[in-house]
Amino acid sequence: MKVLLVEDDKRIAAAVKRGLDAEGFAVEVALDGAEGLWHATEYRYDLVVLDLMLPRMSGFEVCRELRSRGIWTPILVLTAKDGVSDQTEALDTGADDYLTKPFSFPVLVSHVRALLRRTSGGVPVPIEVGDLRLDSSRHRCWRGEVEITLTPREFAVLEYLMRRADLVNPKFEILDGVWDYDFEGDPNIVEVYIRRLRRKIDEPFGRHDLETVRGAGYRLGGSGTVESLR
């Protein structure tokens with residue numbers, strides 16, 4: 001899931017990004033309203049976390065402008081004000097939920113997950129590829145009847161591949177879909193997580209579903225008969 005965080009307080013932005021990253025979200029940060037509006041119109045996100053008191057454009061203005069352009073990405077508003085009028089105005093301009101500062105991080109995560117469930121039409125249906133099953137709403141994974149423990153990032157990579165089962169996924173597309181669009185680290189991090197996933201979802205079960213298509217990317221099949229090209 002890709003999240004756009006629009007927050008001008010760099011300390012808060014860094015803390016929220018760090019926490020959501022650890023929960024398996026790919027978070028991009030904009031430090032003012034105009035930058036946030038540009039990001040939200042140029043790129044696709046699953047959720048926007050939007051502060052109200054922003055330089056250049058207020059959160060109210062950003063929200064109103066996005067809705068006027070027909071962009072209906074779910075918006076969670078963060079506000080230092082707890083007045084009913086601010087909450088009402090935020091919702092009236094198109095926000096889907098709000099959270100008052102200061103807030104605890106677990107509460108923020110619960111709002112994020114609840115909003116994503118609500119706007120996606122309820123509890124996400126588990127994804128199944130062969131006998132591999134992933135439950136996004138509960139963050140759990142099984143091979144047959146055996147539950148597999150995954151880190152948040154491993155879970156995010158596997159979810160990305162399972163939603164594109166039997167397709168070849170280039171490394172740069174996995175990076176863009178799971179990490180931030182402006183990720184500047186070593187792109188070989190994808191290979192690291194592919195190896196980790198193989199050790200968890202394939203090797204203990206004598207399977208070879210997670211395939212390397214040499215020179216093209218990675219493909220997750222469900223037959224269990226595809227030999228991995230290493």
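See the structure printed just above.
Model, not experiment: these values are computed from the prediction.

Engineer: Which residues make up the sheet that holds strand 1 (residues 2-6), and what are the values?
Structural biologist: Within the open sheet, the 5 strands sit side by side as 2-1-3-4-5. Their pairing is parallel. At either end of the open sheet lies a strand with only one pairing partner, and these are strand 2 (26-30) and strand 5 (97-100). Between one strand axis and the next, the sheet turns by 20° as a mean value, whatever way the strands run. Bridge count between strand 4 (residues 75-79) and strand 5: 4 bridges; the pairing is parallel. Considered in strand 5, the bridge of L76 is made with D97. Sitting on the sheet, helix 1 (residues 10-22) is in contact with strand 1 and strand 2, with an inclination near 165° to strand 2.

Engineer: Break down the pattern of salt bridges for me, citing the residues and quoting the values.
Structural biologist: For the structure shown, the criterion picks out 20 salt bridges. The partner of R113 in a salt bridge is E23, and the shortest N-O contact between them spans 3.2 Å. Taken together, the residues R113 in helix 5 (residues 105-119) and E23 in the loop between helix 1 and strand 2 connect sequence positions 90 residues apart. Exposure remark for E23: the relative accessible area of 30% places this residue in the partly exposed category. For the salt bridge of K171 with E191, the shortest nitrogen-to-oxygen distance reads 2.8 Å. Of this pair, K171 sits in helix 7 (residues 171-178) while E191 sits in helix 8 (residues 189-202), placing them 20 residues apart in sequence. The partly exposed category is assigned to K171, whose relative accessible area is 24%.

Thresholds, definitions, all that
Residues numbered from 1 in each chain as written. Predicted model: local features only at pLDDT ≥ 70, side-chain atom pairs only at ≥ 80, totals over all residues. Heavy atoms only, no water. Pairing = 2+ DSSP bridges. Helix = DSSP H or I, 4+ residues; strand = E, 2+ residues; numbered from the N terminus. Axes fitted to C-alpha atoms, helices over the stretch in contact; angles between N-to-C directions. Contact = heavy atoms within 4.5 Å. Salt bridge = Lys/Arg side-chain N within 4 Å of Asp/Glu carboxyl O. Buried < 20%, exposed > 50% of the residue type's maximum accessible area, 1.4 Å probe, protein only.

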